[in-house]
Each structure stands twice: as structure tokens, then as C-alpha cells.
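Take a look at the letters that make up each chain.
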Amino acid sequence: MKRTLASMIMLITIAFLFAACNDDAKQSRNSEDRAGEQKEKTEENKSANKTDDDLEEVKKNDSTEKPSKEEEDESSNNQSNDSKVNSDTLSEYSADEIEFARVWLQIIGNQDIEELNVYHTSAGEQVNPYEETSVDYPEDVITLGGGIMADGIVTYSGNGDGTINLYDVPSHWPSEEQIDTSMEEYTENIVKNTEKIYIETGNDEEVTALIKKLNIES
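Residues numbered from 1 in each chain as written. Predicted model: local features only at pLDDT ≥ 70, side-chain atom pairs only at ≥ 80, totals over all residues. Heavy atoms only, no water.

J.: Explanation requested: the overall build of the protein chain in the structure shown.
T.: The helix and strand tally for the protein chain stands at 5 helices and 6 strands. Listing every helix and strand of the protein chain by position from the N terminus yields α-α-α-β-β-β-β-α-β-α-β. When burial is assessed residue by residue, the protein chain has 24% of its 218 residues classed as buried. As presented, the protein chain carries roughly 15,800 Å² of accessible surface, and 47% of it is formed by carbon and sulfur atoms. (Helix = DSSP H or I, 4+ residues; strand = E, 2+ residues; numbered from the N terminus. Buried < 20%, exposed > 50% of the residue type's maximum accessible area, 1.4 Å probe, protein only. Areas by Shrake-Rupley, 256 points an atom, 1.4 Å probe, with all protein chains shown as cover.)

Listed below in C-alpha cells is the structure:
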């Protein structure tokens, strides 16, 4: 009888211990599950916050780099007004007159001349009209010169695309005794070694001032 009672007590004790172990294990798993859920929520919050920060940064960049519509409209209006002013300033002059003044300003640069003379030379005429041995121009050319020889000269042909072919014609022709070669070879080198130059628009007021000094020879 005593053994039976002792055995029953032992079984009850073991049952309680087993139940307690199960409760501990269950609580441990629940604790781990809650910790895992909390970690996931934390990561999700971090990801959401990072996405919001990225979007905010993009908005800041867009705001910094892109001008407003009002600024774009104002810039466009200013450009249109500038273009209109430039167009109005030279609108009363011909394209040739504007070209003569711009070429002179860029190549010679001397604005303090009393007059700007324009001479046309046809293809087939001599480069040096004072020497019979001179070669001829292969194309029509224009010569610009001031009122005196010291003002300098420019001899060129236009290409119709904003560029010119510049001929290195001297303002004062040397004699054959003053050069190391014949006049034929000297003038041939001038024709063969032209320089292609793009002519800038320059300052409209300076262009206008020179146009008013033009003396175009027929």
C-alpha cells in the first residue's frame, strides 16, 4: 500500500514537472515569436522611412534643378526681346553691308576710321594689278580698306554660311626686287593659301557705326 501511494505521488510530481516544462517551452517560443515580429516591424519601419527620405531628396533635387514655369517663361521672353532688339538694330541695312562691317571689325578691328571703302574684284582679274606676271583670282573677291593705306585692307570672298576665305593680300605691293621669288609665284601663294574664318556677329552698335562709314565702289 505504501509503495502504491509513493508511486502515485511520484507520477503526479512527474506530471507537474512535465507540464511546467511545456509551459516554459511555450512561453519561450512565444517570446521568440514576439521578438521576431518586433524585428520585422522595425525593419519595415526603417524601409518605409528610407523610402520617404529618398522621395524627399528627389523632390528637393527636382526643386533645385528645375526652374519654375514662371522662370522659364521669363527667360524665354528675355531671349525673345534680346533677339528683337538685335534684329531691329540692323533691320534697315542689307546683308552685304552688315557683312562688310563685321568682317572689318573682326579682321582689322579699327573702328576709328573716317570711311570704310568697299571694292569688288571679279574672278579672272589679277591679284596684283600692277604686275603682268601676277596670277588671277579664281573667284569674285571683296576688298575693304580705310581712307588711308595705314588703316589696312582685307581681301576675302564670302561662302554664304557665315565664313569667309581670307586672302593674304598686302596693303602695299612689293616689287619683284623686294621679294625672294617671282611675282607670279608670290601671288600664286596668296591664292592657294587662303584661310577660312568664321565671322562673329559682333556688337550691333559697332557694326551700325561702321555701316554708316561705308563707301561702296561700283
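Having seen the model, we can carry on.
J.: How should I be thinking about helix α4 (residues 183–192) in this particular structure?
T.: Since the α-helix packs 3.6 residues into each turn, any two residues three or four apart lie on the same face. The set of residues buried in α4 consists of Met183, Thr187, Ile190 and Val191. Down the axis of α4, the buried set is contained in an arc of 100 degrees. They therefore lie on one face. Buried positions along α4 lie against β4 (163–167). (Arc of directions from axis to C-beta. Contact = heavy atoms within 4.5 Å.)

J.: Mind showing me how you'd approach the packing of aromatic side chains here?
T.: One pass over the full model with this rule turns up 2 aromatic pairs. Centre to centre, the rings of Tyr137 and Tyr167 are 5.5 Å apart; their planes meet at 80 degrees, and the pair counts as edge-to-face. A residue pair is termed long-range when its members are at least 10 positions apart, and Tyr137 in the loop between β1 (116–121) and β2 (141–145) and Tyr167 in strand β4 qualify at 30 residues. In terms of burial, Tyr137 and Tyr167 fall into one category: buried. Summarising the aromatic geometry, the rings of Trp173 and Tyr186 are spaced 6.2 Å apart at their centres and angled 70 degrees between planes, so their arrangement reads as edge-to-face. (Phe/Tyr/Trp six-rings, centres within 6.5 Å; stacked < 30°, edge-to-face > 60°.)

J.: Explanation requested: the packing of helix α3 (residues 95–107) against helix α5 (residues 204–211) in the structure shown.
T.: Pairs of packed helices are described in terms of their axes, by the angle between the two and the distance that separates them. Look at α3 against α5: their axes get within 9 Å of each other, and the N-to-C directions meet at 110 degrees. Classified by the interaxial angle, the pair formed by α3 and α5 is roughly perpendicular. Between α3 and α5, the residues in contact are Glu97, Ile98, Ala101, Arg102, Trp104 and Leu105 and Asp204, Glu206, Val207, Leu210 and Ile211, respectively. For the contact of α3 with α5, the residue count by class is 7 nonpolar, no polar and 4 charged. (Axes fitted to C-alpha atoms, helices over the stretch in contact; angles between N-to-C directions. Parallel < 35°, antiparallel > 145°, perpendicular 65-115°, else oblique. Nonpolar A, V, L, I, M, F, W, Y, C, P; charged D, E, K, R; others polar.)

J.: Can you walk me through the sheet that holds strand β5 (residues 195–198) in this structure?
T.: By definition, the strands of a sheet pair up through backbone hydrogen bonds, in either a parallel or an antiparallel sense. Across the sheet, 6 strands lie side by side as β5-β4-β3-β2-β1-β6; this open sheet has mixed pairing. Edge positions in the sheet fall to β5 and β6 (214–216), since each has one partner strand and no second. Averaged over all adjacent pairs, the angle separating strand axes in this sheet is 30 degrees, with direction ignored. Judged from the 4 bridges that link them, strand β3 (residues 153–158) and β4 form a sheet pairing that is antiparallel. (Pairing = 2+ DSSP bridges.)

J.: Help me out: how do you make sense of the nonpolar core in this one?
T.: Looking at soluble globular proteins, one finds that nonpolar side chains tend to be buried together. By size, the foremost hydrophobic cluster in this structure holds 23 residues, and its most contacted members are Leu144 and Tyr156. Looking at this core, the elements with two or more residues in it are α3, β1, β2, β3, β4 and α5. Here Tyr156 is in contact with Glu99, Phe100, Val103, Val141, Ile142, Leu144, Ile164, Asn165, Leu166 and Tyr167, once residues within four sequence places are set aside. With 11 residues, the next largest nonpolar core counts Val135, Tyr137, Trp173 and Met183 among its residues. (Core = buried A, V, L, I, M, F, W, Y, C linked by side-chain atoms within 4.5 Å.)

J.: Would you mind going over the pairing of β1 with me for this structure?
T.: Bridge count for β1 against β6 is 3 bridges, and the pairing is parallel. In the sheet register, Val118 faces β6, and the bridge partner there is Ile216. Sheet analysis places β1 next to β2, joined by 5 bridges and oriented antiparallel. In the sheet register, His120 faces β2, and the bridge partner there is Ile142.

J.: What exactly am I supposed to notice about α3 here?
T.: Across its 13 residues, α3 extends 18 Å between first and last C-alpha, which sits within 8% of the 18 Å expected from 1.5 Å per residue. The complete set of buried residues in α3 reads Ile98, Phe100, Ala101, Val103, Trp104 and Leu105. Remark: Gly109 follows α3 within two positions and exhibits a positive phi of approximately 85 degrees. (Expected span 1.5 Å × (residues − 1).)

J.: Explain the side chain of Thr208 here, please?
T.: In this fold, Thr208 is placed in helix α5. In contact with Thr208, not counting residues within four places along its chain, are Thr89, Leu90 and Tyr93.

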